[in-house]
Amino acid sequence: FAGGLKYLVQYPYGCIEQTTSCIYPLLYLKDVAAVVDPKKFSPQMIDNYVDNGIQRMLSMQTHSGAFSFWPGYREPYSWGSVYATDFLVEAEKAGYAIPKSAKDNALNYLERLLSSSDENVSLDLKAYSCFVLSKAGRIKSSWIRRLQEVKKDLTACSRFQLAASLAAMGDKKAVSDILGQGYPDTNVKRETGDSLNSYTRENAIVLSTYMDLDPNNAIVPTLVNRLENSMKDGNWGTTQDNAMALLALGKYARFVEGQDINYSGTISIGKDTIAEFSQDKEANIKGVDIGGKSV
């Protein structure tokens with residue numbers, strides 16, 4: 001986590017996406033961050049960092065409830081607005097103070113996106129909007145069902161966001177059908193606009209959904225491995241990729257830490273056992289000559 005966290009904290013506050021990405025993972029990784037670098041990531045400093053980020057985000061909220069790309073702009077950035085609202089909902093759950101009017105106005109904007117006939121409002125954006133509204137307790141059943149009918153036209157991460165909305169409705173069969181479709185293709189192209197999608201982002205969102213709905217699924221380790229392998233120089237290269245990867249892997253780390261893991265094994269040279277180990281006992285091969293031997 002260290003490289004990704006430091007990348008985000010050292011990144012200067014910027015547009016609505018960058019600001020949201022810089023603070024979103026800290027909702028889940030406050031305790032982990034404190035271990036990574038206690039001086040830079042003390043709980044109080046993290047709270048101050050998140051609070052300042054929230055204030056900057058709110059400075060980009062327009063009268064429509066949407067968020068602009070930059071402070072002072074008035075044109076809504078639709079995808080950035082859904083992303084920012086997603087954070088506000090989660091931040092409030094995590095105990096941060098979010099003005100009720102700001103959150104309600106943002107959620108109202110998401111509801112208007114669902115009924116929008118604007119060709120720039122894609123099915124993927126509507127799936128994300130339904131996902132955020134469901135987390136906020138505003139489940140839009142009719143829209144969720146409509147998106148379920150056209151799920152083949154959604155990207156992998158949008159299908160999994162749809163699965164989370166269906167889970168909020170209690171439709172276990174529909175959730176299982178989507179989860180059974182596996183993980184994203186390996187040839188996801190990076191977007192330079194709109195949702196800024198990428199291979200890392202898509203795999204991270206899918207992993208995050210699995211951790212919420214089916215953490216024991218056999219696909220989970222593959223997704224974790226994909227995210228680990230997509231790191232370069234200790235981070236994921238962009239603010240959003242770092243944010244999404246840290247969120248997903250943070251959920252995975254917490255899940256693994258809470259499991260009772262039982263294992264045992266032996267270390268052998270040829271037919272001779274030289275050490276045994278288990279979850280309670282480390283292997284001791286001190287003083288054993290293993291040089292040039294088949295272990």
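Structure: see above.
Below, the structure is looked at part by part. Counting of residues starts from 1 at the beginning of each chain's written sequence and follows it residue by residue. Two thresholds apply to this predicted model, a pLDDT of at least 70 for residue-level local features and 80 or more for giving and counting side-chain atom pairs, whereas whole-chain, interface and lining totals are computed over all residues. No hydrogens and no water enter the side-chain calculation; it runs on all heavy atoms of the structure.

A closer look at a nonpolar patch on the surface
Spelled out, the test is: Each patch is built from residues that are more than 30% exposed by relative accessible area and take part in no salt bridge. Like charges join if they lie within 9 Å; nonpolar side chains (Val, Leu, Ile, Met, Phe, Trp, Tyr) join within 5 Å. Accessible surface is estimated by sampling points in the Shrake-Rupley manner with a 1.4 Å probe; for residues, cover comes only from the protein chains shown. Salt bridge, as applied in this entry: a Lys or Arg side-chain nitrogen positioned within 4 Å of an Asp or Glu carboxyl oxygen. Each helix is a run of H or I in the DSSP string that is no shorter than four residues. Each strand is a run of E no shorter than two, and both are numbered from the N terminus. Categorising residues by exposure relies on relative accessible area from a 1.4 Å probe, with only protein chains included: less than 20% of the type maximum marks a residue as buried, more than 50% marks it as exposed, and the intermediate range marks it as partly exposed.
Among the surface-exposed residues, Ile-285, Val-288, Ile-290 and Val-295 lie close enough to one another that they form a single nonpolar patch of about 290 Å² accessible area. Mapped onto the elements of the fold, Val-288 is located in the segment after strand 2 (272-278). Classification of Val-288 as partly exposed rests on a relative accessible area of 32%.

Quick word on the pattern of salt bridges
Summed over all chains, the structure comprises eleven salt bridges. A salt bridge links Glu-111 to Arg-138; its shortest N-O distance comes to 3.3 Å. Of this pair, Glu-111 sits in helix 6 (residues 100-114) while Arg-138 is found in the loop between helix 7 (123-135) and helix 8 (141-149), placing the two residues 27 residues apart along the sequence. Judged by its relative accessible area of 24%, Glu-111 is partly exposed.

Things to note about the pairing of strand 2
The test is simple: DSSP bridges decide pairing: two strands pair if at least two such bridges lie between them.
The pairing of strand 1 (residues 264-269) with strand 2 spans six bridges and is antiparallel. Note on strand 2: the bridge partner recorded for Thr-266 is Glu-276. Between strand 1 and the antiparallel strand that follows it, strand 2, lie two residues; Gly-270 among them carries a positive phi value of about 65°.

A closer look at helix 10 (residues 172-179)
In an α-helix, one turn spans 3.6 residues, which is why side chains three or four residues apart end up on the same side. Threshold: The arc refers to the directions leading from the helix axis to the C-beta atoms. We call two residues in contact whenever any of their non-hydrogen atoms come within 4.5 Å of each other.
Inspection of helix 10 places Ala-174, Val-175, Ile-178 and Leu-179 among the buried residues, and these make up the whole buried set. Along the long axis of helix 10, the arc covered by the buried residues comes to 135°, so they all point the same way. For helix 10, the exposed residues lying more than 90 degrees away from the buried face are Lys-172 and Lys-173. Along its buried surface, helix 10 packs onto helix 8, helix 9 (156-169) and helix 11 (199-213).

Re the side chain of Ser-230
Rules: Distance and chemistry together define a polar contact, namely a pair of N or O atoms within 3.5 Å, with one atom able to donate a hydrogen and the other to accept it when in protein, and with adjacent residues in sequence counting only for side-chain atoms on both sides.
Looking at where Ser-230 falls in the secondary structure, it is placed in the loop between helix 12 (220-229) and helix 13 (239-257). Of the polar contacts made by the side chain of Ser-230, one reaches the side chain of Thr-200; its length is 3.3 Å. With residues near it in sequence (within four places) discarded, Ser-230 still touches Tyr-199, Thr-200 and Trp-236.

Things to note about the packing of helix 11 against helix 12
Formally: Axis definition: a line fit to C-alpha positions, over the contact stretch in the case of helices; interaxial angles, taken between N-to-C directions, run 0 to 180 degrees. Handedness of a helix crossing follows the sense of rotation of the near helix relative to the far helix, less than a right angle counterclockwise being left-handed and clockwise being right-handed. Throughout this entry, Asp, Glu, Lys and Arg are counted as charged residues, while Ala, Val, Leu, Ile, Met, Phe, Trp, Tyr, Cys and Pro are counted as nonpolar. The remaining residues, Gly among them, count as polar.
At a minimum axis separation of 9 Å, helix 11 and helix 12 run at an interaxial angle of 145°. Note that helix 11 runs across helix 12; the crossing there is left-handed. Note on element contacts: helix 12 touches helix 11 through Val-220, Leu-223, Val-224, Arg-226 and Leu-227, opposite Tyr-199, Thr-200, Asn-203, Ala-204, Val-206, Leu-207, Tyr-210 and Met-211. Tallied by class, the residues present in the contact of helix 11 with helix 12 amount to ten nonpolar, two polar and one charged.

Read these as geometric descriptors, not functional statements.
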